[in-house]
Amino acid sequence: GMKSERRHLYDISRQFQDKLRLRKIDTCGASQIVPAILGQDELAVKKAAALRDAGYLVFPIRPPTVPPNTARLRFSLNAAMLWEDIKLIPGLI
């Protein structure tokens, strides 16, 4: 039911954030919208392109949408995703 789906989404979101932090990638918040703050605009664009090439739909978020030097990738996780679907992403960033 909805309770188990919410719990699953919470769990994979936390796991994803933990993996990003282990790779020294800043992230903030505690929801299914997970930012990976990379800093440089060019780096965010390059990493988003590499992730898209690997089959993930990811876009860079850059100033003026976010403050200068906080360019990021924004991941939107959902309850239909499995940890198997997302566990490799941090290694691609």
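Residues numbered from 1 in each chain as written. Predicted model: local features only at pLDDT ≥ 70, side-chain atom pairs only at ≥ 80, totals over all residues. Heavy atoms only, no water.

**Observations concerning the packing of aromatic side chains**
The tally for this structure, following the rule as stated, stands at one aromatic pair. Consider the rings of Phe16 and Phe75, whose centres lie 5.0 Å apart with planes at 80°: the pair is edge-to-face. Pair noted here: Phe16 is in helix 1 (residues 2–22) and Phe75 is in strand 3 (residues 71–76), with a separation of 59 residues, a long-range link. (Phe/Tyr/Trp six-rings, centres within 6.5 Å; stacked < 30°, edge-to-face > 60°. Helix = DSSP H or I, 4+ residues; strand = E, 2+ residues; numbered from the N terminus.)

**A short note on unusual backbone geometry**
Excluding glycine, residues mostly carry a negative phi; peptide bonds, for their part, are mostly trans. Cis geometry is found at the peptide bond from Pro63 to Pro64, where omega equals 10°. In this fold, Pro64 is placed in the loop between strand 2 (59–61) and strand 3. One non-glycine residue, Lys24, adopts positive backbone phi at about 65°. Looking at the secondary structure, you find Lys24 in the loop between helix 1 and strand 1 (33–39). If you check the backbone angles, Asn69 has positive phi at about 65° while not being a glycine. Here Asn69 is to be found in the loop between strand 2 and strand 3. When its relative accessible area of 65% is taken as the criterion, Asn69 is described as exposed. (Buried < 20%, exposed > 50% of the residue type's maximum accessible area, 1.4 Å probe, protein only.)

Taken by themselves, the reported measurements are silent on function.
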